[in-house]
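One-letter residues, chain by chain:
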Amino acid sequence: MKRSRLWTSLIGIVVLSVGLLGLNLALDNTPILGLDLKGGISVILAPVEDGATAGDLGIIRDLVRDQLESSGIAEPDVRVEGTNVVVDLPGVNDQAEALSKVSVSGIVTLQPVIGCNVGLPVDASLGQQELPLLSGGTCVVSPSTATGEVFERKSAGVNINSQSGQWIVDVDLSAVGEPQWNSLAQACFSGAANCPSRQLAIVLDGVIQSAPTVQTPDFGGSVQISGAFTEDEARSLSDVLNRGAFPFQMEPQRIESVSATAGQDSLNAAVIAGLIGLALTLLAMIAYYRKLSIVIVGGLIVWGMTIFTLATVVSQATNYALSLAGATGIIVAVGMTVDSYVVFFERLRDEVRHGRTMANAAPSAFTATWRTTVSADVVSLIASLVLFWLSVGSVKGFALYLGLTTISDLLVCYFFTRPAVLLLASNGFLDRPWRQKSTTVIGATS
Amino acid sequence: MSNLAERGLTGAPAVAGQVVRPTAIGRLSEGQTAVDFVGRRRISMWVSIVLLVLTMLSLFTRGLNLGIDFEGGVSWDVPAAAFDENDAITVLSDNGISTEGSRIQRRASESGEFIKVQVETQTDEVTEALRIEFANVAGVAHDEVNVNLVSSSWGSEITEKAVRALVIFMLVVGLFISIRFEWRMALSSIAAMIHDVIIAVGLYSMLQFIVTPATVIAFLTILGYSLYDTIVVFDRIRENETRFAAQKPPYDDVINVSVNQVVMRSLTTSFSSVVPVVSLLVVGAGILGATTLSEFALALLIGMLIGVYSSIFVASPLLAVLKHHDSNWKSRNIPRAVGEPLREMVMGGAMGSRRRRVVAAQAEDTDAPAEPAAAPVDGSTQVSAALSHPPRPRKKRRR
């Protein structure tokens, strides 16, 4: 048996996990803690004009949360209080950063273009305005009542036109928005008085994002915008269209710091309780598996270090803060991790009972249980991937930590448990006490 | 646990070269149990039906007690100069408002610090009365305490997305299990998973615990745990299917043998998963006083226990029922092995000849009920008894 490779794997994962943990501790990197554990910063958004209904504010709440999540702020707590929208941000420490993250509001309007960069007079009596273009220059535009609400929420996407090879933005029209869009398109396509340039400007907070020329008077439910976009330009345009449906302009009214709701006490309680539980579990495992339990203790230490490293790296990189639910989720994952050992060791005992030696039984027992562990863990991984991909809020955070613990379990099982057991078994260390023990009554059960 | 392996204690003291333990726990730890799980599926079926009916009744009559994250509520902003979180809790409990599920935050801005107290929706009178009381305790004028209605932060959108994600998850997992195992196993394991989550949710409804986002996470954890546990049991069934295929046993035997073989693993695993959660419940919530943890831990504890129960008592019998209609396993009309023949299969990992099995089953039928439990024999007798049987070949080819 290739002992050298087993040693490489064993030493490799131990050195790697210790090294990464040491690196994190040396750099003073720890996982970002969630709102309930650490608090954060809260931005209170107020509507600029009066008259926002509860329905409008509800839409704004959902839009703000979507926007925050797509910009990488995970698990913000967004709710409507009175006529304000309160945005609590976890893991954000300074106020300027909080403000810039929450400046997601903005009204998108659609305005027919009179002409661009030609020094046209602005006829204010007709409500015309001169607005800057994002790419430089200015355009004179006519007024219109159409806003970003004509687009279906979150329907915009970036594609490549297969013929021209250019970046294009596709967006769907909402049921109510389609006639509005089409009447504007009709006017522009025919070069009516308010739209002699045949261009329709997409305006965000007074800046023209894009002014595409209308190619057809009638759009059947969806719109394709093409032009000499770079990929980034196409993506930012699609973001604008996606967020476009703010029914009211919101502005940050004030910033507050928020204390933790669960607080340090809860985190301490969870950690202490988790450690006690872990210690009890380990004691039971030691009583039950005796010498083999060395592998469980070692494996769980490596697993814990891997989780800490992954949680730190992921929460720093993506702002997925560790909330109380996440912390307890990790405690629960201890159970599933211990299960990989239990399945393996029960199989080993089974084979030894059939008269095999440990050295003989270990490789085949591992092969059989590795299959079981992979099947069961793949199901957990599917759960975490689907939930992470498709859900929002704390469900997404849960999925992330479920995925991390499952990956750690697989890594430790293959790179630590396997070589550790095979090496211990191959030199006969596990054999003799085991056989003697099998005539004494053992077994701690629940 | 001691009654788990009580049946089939009679007969040979040694099977397949191993000594059969005299005590139930001993047999359990050595993988020598011979419980007819499939034959007792009616018991577990009725248990599950009763639980599900209770759950449904409770959900329809009492519903769930949703927290402020789902239903919104009312909040008071009390200046924090002479007022702190504990004062808020005192005022709330003096007025008979449960502080469970409330949210009390200290907030600071340029205009000063204040305590935001948020609870479930109250009547206008209560809201106003509390405003006055908060102001009195804090020593400020009444209008310095701001009252606001608060919307839910967990909008319907989050729920919709989570439900859609769950449906897609079940489809993908169903497909995965169908490919890796077979569709009947996919169906049984997903059914058992839904069974577990429904019962866990029902418990929340029956006990009227407050549902918070953390509770939803606990339910999701239960879901994952249940599926995980079932997969481990099914993997063993799958393995034994191929091992036993040539001997053409009834499928019930495969299930009984497999479940008996993994029962110790299931107990050990649930023990090791439950201990940290119990510790969370007792040490964290009870002694250190972090009440937020208590219900979360309780939901997890119950869910885990149901998860382990369902993979043995729901998913496996369900698989047996589905398999009765599988043409590959149909019409194997010998009776299901119980008692010693079953133990022999569990311990030996192989089936005896069909003829011997039928004879043994008949013998079991005639003498099993009358025979008293065998007295424990001393070690030396057992060893000699073990040697009277031909030893199993050492290196048996697997699969």
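Relevant structure appears above.
Now for a quick tour of the structure. (Residues numbered from 1 in each chain as written. Chains lettered and ligands numbered in written order. Predicted model: local features only at pLDDT ≥ 70, side-chain atom pairs only at ≥ 80, totals over all residues. Heavy atoms only, no water.)

### Some thoughts on the overall build of chain A
Threshold: Labels follow the DSSP assignment, with helices taken as runs of H or I lasting at least four residues and strands as runs of E lasting at least two, numbered in each case from the N terminus. The quantity called the radius of gyration is restricted to C-alpha atoms. Its globule counterpart is 2.2 Å times the number of residues to the power 0.38. By the convention used here, residues are in contact when the closest approach between their heavy atoms is within 4.5 Å. Where accessible areas are quoted, they stem from the Shrake-Rupley method and a 1.4 Å probe; at the residue level, only the protein chains shown are allowed to cover.
A tally of regular secondary structure across chain A gives 12 helices and 12 strands. Expected size for 446 residues packed as a compact globule is a radius of gyration near 22 Å; at 30 Å, chain A overshoots this value by more than 25%. Along the longest, intermediate and shortest principal axes, the C-alpha atoms of chain A span 100 × 50 × 40 Å. Across chain A, the fraction of contacts at a sequence separation of at least 24, relative to all contacts at a separation of at least 6, is 74%. Here chain A displays about 17900 Å² of accessible surface, and carbon together with sulfur accounts for 59% of that area.

### Considerations on helix α7 (residues 183-207) of chain B
Spelled out, the test is: Expected helix span is taken as 1.5 Å per residue step, with the number of steps being one fewer than the number of residues.
Compared with the 36 Å implied by 1.5 Å per residue over 25 residues, the 36 Å span of α7(B) between its first and last C-alpha is a close match. Once α7(B) finishes, Q208(B) follows within two positions and takes phi at roughly 55 degrees, a positive value.

### Description of the sheet that holds strand β9 (residues 200-204) of chain A
Residue and element names in this part refer to chain A. The condition is simple: Each pair of strands is called paired provided DSSP finds at least two bridges between the two strands. Helix axes are fitted only over the stretch in contact, all axes being lines through C-alpha atoms; the angle between N-to-C directions runs from 0 to 180 degrees.
An order of β5-β6-β4-β9-β10 is seen for the five strands of this open sheet, with the pairing classed as antiparallel. Each edge of the sheet is formed by a strand with only one pairing partner; in this case those strands are β5 (129-132) and β10 (207-210). Within this sheet the neighbouring strands show an average axis-to-axis angle of 55 degrees, counted without direction. In this sheet, strand β6 (residues 138-141) lies alongside β5 in antiparallel orientation, the contact comprising four bridges. Counterpart to P132 in the pairing with β6 is T138.

### Thoughts on the interface of chain B and chain A
Note the threshold: Summed over both partners, the accessible area lost on bringing two parts together, with a 1.4 Å probe, is the buried area. Any carboxyl oxygen of Asp or Glu that lies within 4 Å of a side-chain nitrogen of Lys or Arg is treated as forming a salt bridge with it. Residues are grouped as follows: nonpolar covers Ala, Val, Leu, Ile, Met, Phe, Trp, Tyr, Cys and Pro; charged covers Asp, Glu, Lys and Arg; every other residue, Gly included, is treated as polar.
Contact residues are listed per partner, giving 84 residues for chain B and 88 residues for chain A. Of the roughly 7600 Å² buried where chain B meets chain A, counting both sides, 59% is carbon and sulfur surface. Scanning the region where chain B abuts chain A turns up five salt bridges. Residue K116(B) pairs with E81(A) through a salt bridge whose shortest N-O separation is 2.6 Å. Here the side of chain B that touches chain A gets 15 residues from one element, more than from any other, and that element is helix α9 (residues 251-287) of chain B. Among the residues making up the side of chain B that touches chain A, the classes are represented as 41 nonpolar, 22 polar and 21 charged.

### Describing the sheet that holds strand β11 (residues 222-226) of chain A
Residue and element names in this part refer to chain A. What the three strands build is an open sheet, ordered β7-β8-β11; its pairing is antiparallel. In this open sheet, the two strands that pair with only one neighbour each are β7 (157-160) and β11. Across the sheet, the mean angle from the axis of one strand to that of its neighbour is 30 degrees, orientation sign disregarded.

### Examining the packing of helix α6 (residues 156-180) of chain B against helix α8 (residues 213-244) of chain B
Residues and elements named next belong to chain B. Note the threshold: Any angle between 65 and 115 degrees counts as roughly perpendicular, while under 35 counts as roughly parallel, over 145 as roughly antiparallel, and the rest as oblique.
As a packed pair, α6 and α8 sit with axes 13 Å apart at the nearest point and diverge in direction by 10 degrees. Looking at the two axes, α6 sits roughly parallel to α8. Residues L166, F169, V173 and I177 of α6 form the contact with α8, whose participating residues are L220, L223, L227 and I231. Broken down by class, the residue content of the contact of α6 with α8 amounts to eight nonpolar, no polar and no charged.

### Some points on the side chain of S189(B)
Residues and elements named next belong to chain B. In plain terms, the rule: Burial status follows relative accessibility: with a 1.4 Å probe on protein chains alone, a residue under 20% of its type maximum counts as buried, one over 50% as exposed, and anything between as partly exposed. Two N or O atoms form a polar contact when they lie within 3.5 Å of each other; inside protein one atom must be a possible hydrogen donor and the other a possible acceptor, and for residues adjacent in sequence the pair counts only when both atoms belong to side chains.
Its place among the elements puts S189 in helix α7. Residue class for S189 comes out buried when judged on its relative accessible area of 0%. From its side chain, S189 meets the backbone oxygen of M185 in a polar contact 2.8 Å long. At 3.1 Å, the side chain of S189 and the backbone oxygen of A186 are in polar contact. Here S189 is in contact with I177, L227, T230 and F234, once residues within four sequence places are set aside.

### Looking at the pattern of salt bridges
This model, assessed by the stated rule, comprises 18 salt bridges over all chains. The closest approach of N and O atoms between R349(A) and E346(A), which form a salt bridge, is 3.9 Å. Taken together, the residues span about one helical turn, with R349(A) and E346(A) both in helix α9 (residues 324-353) at a distance of three residues. Of the two residues, R349(A) and E346(A), both sit in the buried class. Taking the shortest distance from any N to any O, the salt bridge between D235(B) and R371(A) comes out at 3.5 Å. With D235(B) in helix α8 and R371(A) in helix α10 (residues 358-390), this pair bridges two chains. Overall, D235(B) belongs to the buried group, its relative accessible area being 3%. Sharing partners across several salt bridges, the network here consists of D77(A), R79(A), E81(A), D88(A), D77(B), R107(B) and K116(B).

### Let's talk about the packing of aromatic side chains
How we decide: Here a pair means two rings of Phe, Tyr or Trp (six-membered ring of Trp) with centres within 6.5 Å. Their orientation is stacked below 30 degrees between planes, edge-to-face above 60, and tilted elsewhere.
Applying the stated rule across the entire model yields 15 aromatic pairs over all chains. When the centroid spacing of 5.3 Å and the interplanar angle of 80 degrees are considered together, the rings of Y414(A) and F415(A) count as edge-to-face. Ring geometry for Y204(B) against F219(B): centres 5.4 Å apart, planes inclined by 85 degrees, an arrangement best described as edge-to-face. Placement of Y204(B) in helix α7 and of F219(B) in helix α8 is noted, with a sequence separation of 15 residues between them.

### What about the side chain of S310(B)?
Along the polypeptide, S310(B) turns up in helix α10 (residues 291-323). If sequence neighbours within four positions are ignored, S310(B) has contacts with A192(B), H195(B), D196(B), S226(B) and A315(B).

### Observations concerning unusual backbone geometry
Notably, R290(A) is not glycine yet its phi reads approximately 50 degrees, a positive angle. For R290(A), the location among the structural elements is in the loop between α7 (263-289) and α8 (293-318).

### Focus: the pairing of strand β1 (residues 40-47) of chain A
Strand residues, when the strand is regular, have side chains that alternate between the two faces of the sheet. All names here are of chain A. Burial runs high along β1: eight of the eight residues are buried. Bridge count for β1 against strand β3 (residues 84-90) is six bridges, and the pairing is antiparallel. From the neighbouring strand, G40 faces β3, where its bridge partner is P90. Sheet topology note: the β1/strand β12 (residues 250-258) ladder contains eight bridges and is antiparallel. When the bridges of β12 are listed, G40 appears paired with V258.

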